[in-house]
Amino acid sequence: MALVRVNLRAVTSWVGIARLFAILLSCIAFSLVASTGVFGGPYGTWCMFSWCFCFIVTLLIVLLELLELYPKLPLSWDDFTSAFSMLAALMIFTSSVVFPSVFIGSPCSSSICMRQAAATAISCLCFLAYALEVGLTRAKPGDISSFLSTVPGLLKVFEAYVACLIFSLLDTYDSLPGLQWCVAVYSICFIITLLIIIFTIGRCLSYIPCPLEKVLVAYNALAMLMYLTAVVIWPFYSFNNRSRPSSCGANCSWNKHLGVTFLTIFNFLAYLVDLVYSTKMVFIRTRS
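Numbering of residues starts from 1 in each chain and follows the order in which that chain's sequence is written. Local features in this predicted model are restricted to residues of pLDDT 70 or higher, and side-chain atom pairs are both shown and tallied only at a pLDDT of 80 or more, whereas totals for entire chains, interfaces and linings draw on every residue. For side-chain calculations, the full set of non-hydrogen atoms in the structure is used, while hydrogens and water are omitted.

On to the overall build of the chain. Secondary structure elements follow DSSP: runs of H or I no shorter than four residues count as helices, runs of E no shorter than two count as strands, and numbering proceeds from the N terminus. Regarding its fold elements, the chain presents 9 helices and 0 strands. Ordered by position from the N terminus, the helices and strands of the chain form the series α-α-α-α-α-α-α-α-α. When the backbone C-alpha atoms are referred to their principal axes, the chain occupies close to 70 × 55 × 30 Å. Burial classes follow relative accessibility: with a 1.4 Å probe on protein chains only, a residue under 20% of its type's maximum area counts as buried, one over 50% as exposed, and anything between as partly exposed. Looking at the chain as a whole, 43% of its 288 residues qualify as buried. We call two residues in contact when some of their heavy atoms are within 4.5 Å. For the chain, long-range pairs separated by at least 24 residues make up 78% of all intrachain contacts whose partners lie at least 6 apart in sequence. Surface summary for the chain: the accessible area is close to 15000 Å², and the carbon and sulfur share equals 72%. Charged side chains in the chain number 16 positive and 11 negative. The centres of these two groups are separated by 4 Å. The method behind every accessible area is Shrake-Rupley, applied with a 1.4 Å probe, and residues are considered shielded solely by the protein chains displayed. Positive charge is attributed to Lys and Arg, negative charge to Asp and Glu, and no charge count is given to His or to the chain ends. Charge positions are represented by NZ for Lys, CZ for Arg, CG for Asp and CD for Glu.

Structure follows, in C-alpha cells:
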C-alpha cells in the first residue's frame, strides 16, 4: 500500500501561512454574513459566492500541496496557484467594497449591522492575505518559468476579471452602433485573454508553432488600441446629451454606464502596462 507523504512546508512557509489566514478569514466572513440572513439580491449573492469559492479552492490547494498530490494533476501548478491567488484577491477586494456599500447603512447600531461591519473588516484582511500571497509568489525579474506569476501574467488575470465586471454592468447597448462596437471590444479581448490563461495553465502554449512571446506583444498592442477606442466611444454614446436622473439608484442605467466607463479606463491602462512589460521582457531580454 502506497504511503501518503506529508509536506509540512505547505503550511509552514510564508505562502502557506498566508493561505491559512485566507482560509480562516474567508470562512469567518461568510459565516458572519450567513448568520445575519441578510445577503439577498445579486450583490449579496456575489459576495457570498466570492468568500465561499475562495475558501474552498484555497483549502483544496493547501491539501493538495500538504499531501503532495498536485504533481499528478495535468496542469502547470505554479501558473494555476498564481492565477488563482490574483483572482481571489480581486474577488475579495470587490466583495469588500460592494458588500458594505449595499448592505451597511448609517447609523450602524443593530446587531445585524455590527456583524456586517465585522464581516467587511474580516474581508479586507482576507484581501490582504491574498495580496501577500500574490507578492510572495510573483516571479523575480528575468524569471519566466511560470508566466502567470510574472507581471504580464498577473495582468492577464486582472484584464479578464475587469472584463467580467464590465459584462455584469451592461444593460442597454443594442440601439447604438458605437456601444455595440465597445461590447465587441470587451468580448474579443476577454475571450483571447481567457484562452491565454487557460492554455498557460494547461501547458498548451508550447504547441503553438510561432514565436509566442512576440505574438503576445502584438496582441497586447492590438487590445490596447481597441480599448482606446472604447475609452472614447463608450462615454460619448452613453452620456451625450444625457444628464444623470434625479432618482438614480443602484440599478440605474446611467450609473451602470458610468461604471463601465471607469472599468474601460482601468483595462486600457492594464493593457498599456502589459504591453510595456511584455515588450521589455521579450525584446530587451533578447538583446541582452
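Before going further, it helps to examine the nonpolar core. Put simply, buried Ala, Val, Leu, Ile, Met, Phe, Trp, Tyr and Cys residues joined by side-chain atoms within 4.5 Å make one nonpolar core. With 70 residues, the main nonpolar core has Trp51, Tyr130, Ile166, Tyr186, Cys189, Tyr227 and Trp234 as its most contacted residues. Per-element tally for this core: the top contributor is helix α4 (residues 77-103), with 12 residues.

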